[in-house]
Amino acid sequence: MRLRLSVPGLPLGVLGFLLPLLVLGEQPRVQLLVQSSPLAGYRYGEGAEVWPLLREGDPADAFYVLLSGHLQASVAGRRVRELSEGDGFGEIALLQRGGRTATVTVVSADAEVLVMSREDFETMLLLVQSFYPPGVGARDLRECLLIQLKRSGRQNSLEYKI
């Protein structure tokens, strides 16, 4: 199995993730997001063997978008999802600041993925959290409420402190 770095343009799969933001009228921020988030492209290939791209329980280091090929997600050895072109994966562990929740395996002869590092994912998340309404993009209810309180200028309030 070979790994080759490629430098793709903005693929349809990534555009699919950004489309809802464009519909919400956030075009300038989406443009900033695309320009400020370097995405590395990787091609896994030539059909040799089936092997995991991510392993359940491993620390999260990146978010991925499948450009081409097919992947399979499994939890505790049981297949739970097939991933195809345009699907994103790896975000749950990044959002929860924990380990990978599934093993993702390359099951096609070739697969090409875009990779966004943890740091770039965090930057993107902060940018999304700046969108309207306050609290969008929060990891959980607590973070959502803190964002709303901060945006309303209440970061010195008792609610914010507890």
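You'll find the structure just up there.
Keep in mind the model is a prediction, meaning the values are calculated, not measured.

> Can you walk me through the packing of aromatic side chains in this structure?
Where two aromatic rings form a pair, the distance of their centres and the angle of their planes describe that pair. Taken as a whole, this structure holds two aromatic pairs when the rule is applied. Ring geometry for F63 versus F121: centroids 5.7 Å apart, planes at 45 degrees, classification tilted. Of this pair, F63 sits in strand β4 (residues 62-68) while F121 sits in helix α4 (residues 118-129), and the two are 58 residues apart along the sequence. Note on F63: relative accessible area 10%, which makes it buried. Residue classification places F121 among the buried positions, given a relative accessible area of 5%. Residues Y64 and F89 carry aromatic rings whose centres are separated by 5.1 Å and whose planes lie at 10 degrees to one another, so their mutual orientation is stacked. Placement of Y64 in strand β4 and of F89 in strand β7 (residues 88-89) is noted, with a sequence separation of 25 residues between them. Of the residues examined, Y64 reaches a relative accessible area of 7% and is grouped as buried. Classification of F89 as buried rests on a relative accessible area of 5%.

> When you look at the nonpolar core in this model, what are you seeing that I'm missing?
Across soluble globular proteins, you tend to see nonpolar side chains buried next to one another. Grouped together as the largest cluster of nonpolar side chains are 15 residues, with contacts concentrated most on Y64, L66, L71, L83, F89, V104 and V113. For this core, the secondary structure elements donating two or more residues are β3 (51-54), β4, β5 (71-75), β8 (103-106) and β9 (111-117). Other than its neighbours up to four places away in sequence, L66 contacts L71, L83, S84, E85, G86, D87, F89, A111, E112 and V113. Among the nonpolar cores identified, the runner-up in size contains 13 residues, and V65, M124, V128 and F131 belong to it.

What counts and what doesn't
- Residues numbered from 1 in each chain as written.
- Predicted model: local features only at pLDDT ≥ 70, side-chain atom pairs only at ≥ 80, totals over all residues.
- Heavy atoms only, no water.
- Phe/Tyr/Trp six-rings, centres within 6.5 Å; stacked < 30°, edge-to-face > 60°.
- Helix = DSSP H or I, 4+ residues; strand = E, 2+ residues; numbered from the N terminus.
- Buried < 20%, exposed > 50% of the residue type's maximum accessible area, 1.4 Å probe, protein only.
- Core = buried A, V, L, I, M, F, W, Y, C linked by side-chain atoms within 4.5 Å.
- Contact = heavy atoms within 4.5 Å.

Function cannot be read off these values alone, since they describe shape.
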